[in-house]
Amino acid sequence: MNEIVPVDMKVLMNHIYEYQKGVRQMVLFTFNRKFEDWALRRLDRQGIDYLVQSVGNDCLNLFFGSRECLDAIRLIVTKPLSQLTPEEDFILGAMLGYDIRVQCERYCHRKCRSCKQAQ
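To keep things clear, this report deals only with the structure shown in the data block. Because the structure is a prediction, the values reported are computed rather than measured.

Examining the overall build of the protein
Point 1. A tally of helices and strands in the protein yields five helices and three strands.
Point 2. Expressed along its principal axes, the backbone C-alpha trace of the protein runs to roughly 60 × 30 × 25 Å.
Point 3. Within the protein, buried positions represent 32% of all 119 residues.
Point 4. For the protein, contacts bridging at least 24 residues in sequence account for 50% of all contacts bridging at least 6.
Point 5. Carbon and sulfur atoms provide 52% of the accessible area of the protein, an area that totals close to 7700 Å².

Structure (structure tokens):
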């Protein structure tokens, strides 16, 4: 019997493929909570380590990838992503493989904004 796979889960399957092929060492996937069981079963079947964080609006952040990266995530991401310091945000973006130039711009923007707020 063919299972109808929601579009969100097709995106997850692509992320899993990229992780397994070594394109990424870690992935952050945000999705609707109603697909949690499906997503976690998929990762469990593939033997992929993961960490789930509630976003609070019926969505979840799903980090998955190498154990070393997830160990670092457990130390860095101890609060909602919107509350990360500029440094934590920069490290997370770098770990996720985001464009480092864009991460530098984002860091400077966030750091300058927080510096102005502290004055």
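Examining the pattern of salt bridges
Point 1. In the structure shown here, the tally under the stated rule is eight salt bridges.
Point 2. Across the salt bridge formed by Asp71 and Arg74, the nearest N and O atoms sit 3.4 Å from each other. Of the two residues, Asp71 and Arg74 both sit in helix α3 (residues 67–76), three residues apart, roughly one turn of that helix.
Point 3. Judged by relative accessible area, which is 40%, Asp71 ranks as partly exposed.

Considering the sheet that holds strand β3 (residues 59–65)
Point 1. Judged by pairing direction, the sheet is antiparallel, and its three strands sit side by side in the order β1-β3-β2 without closing on themselves. The two strands at the open ends of the sheet, each matched to only one other strand, are β1 (26–32) and β2 (49–54). Averaged over all pairs of adjacent strands, the angle between their axes in this sheet comes to 20 degrees, without regard to strand direction.
Point 2. The strands touched by helix α1 (residues 7–20) within the sheet are β1 and β3, with β1 carrying the most contacts at an inclination of about 170 degrees.
Point 3. Contacts from α3 reach β1, β2 and β3 within the one sheet, and its direction differs from that of β2 by about 25 degrees.

Considerations on the state of the cysteines
Point 1. All told, the structure shown has zero disulfides when counted by the stated rule.
Point 2. Cys104 provides the cysteine sulfur closest to Cys69, a residue in no disulfide bond, and the two sulfurs are 19 Å apart.
Point 3. Residue classification places Cys69 among the buried positions, given a relative accessible area of 16%.

Rules of the game
- Residues numbered from 1 in each chain as written.
- Predicted model: local features only at pLDDT ≥ 70, side-chain atom pairs only at ≥ 80, totals over all residues.
- Heavy atoms only, no water.
- Helix = DSSP H or I, 4+ residues; strand = E, 2+ residues; numbered from the N terminus.
- Buried < 20%, exposed > 50% of the residue type's maximum accessible area, 1.4 Å probe, protein only.
- Contact = heavy atoms within 4.5 Å.
- Areas by Shrake-Rupley, 256 points an atom, 1.4 Å probe, with all protein chains shown as cover.
- Salt bridge = Lys/Arg side-chain N within 4 Å of Asp/Glu carboxyl O.
- Pairing = 2+ DSSP bridges.
- Axes fitted to C-alpha atoms, helices over the stretch in contact; angles between N-to-C directions.
- Disulfide = S-S within 2.5 Å.

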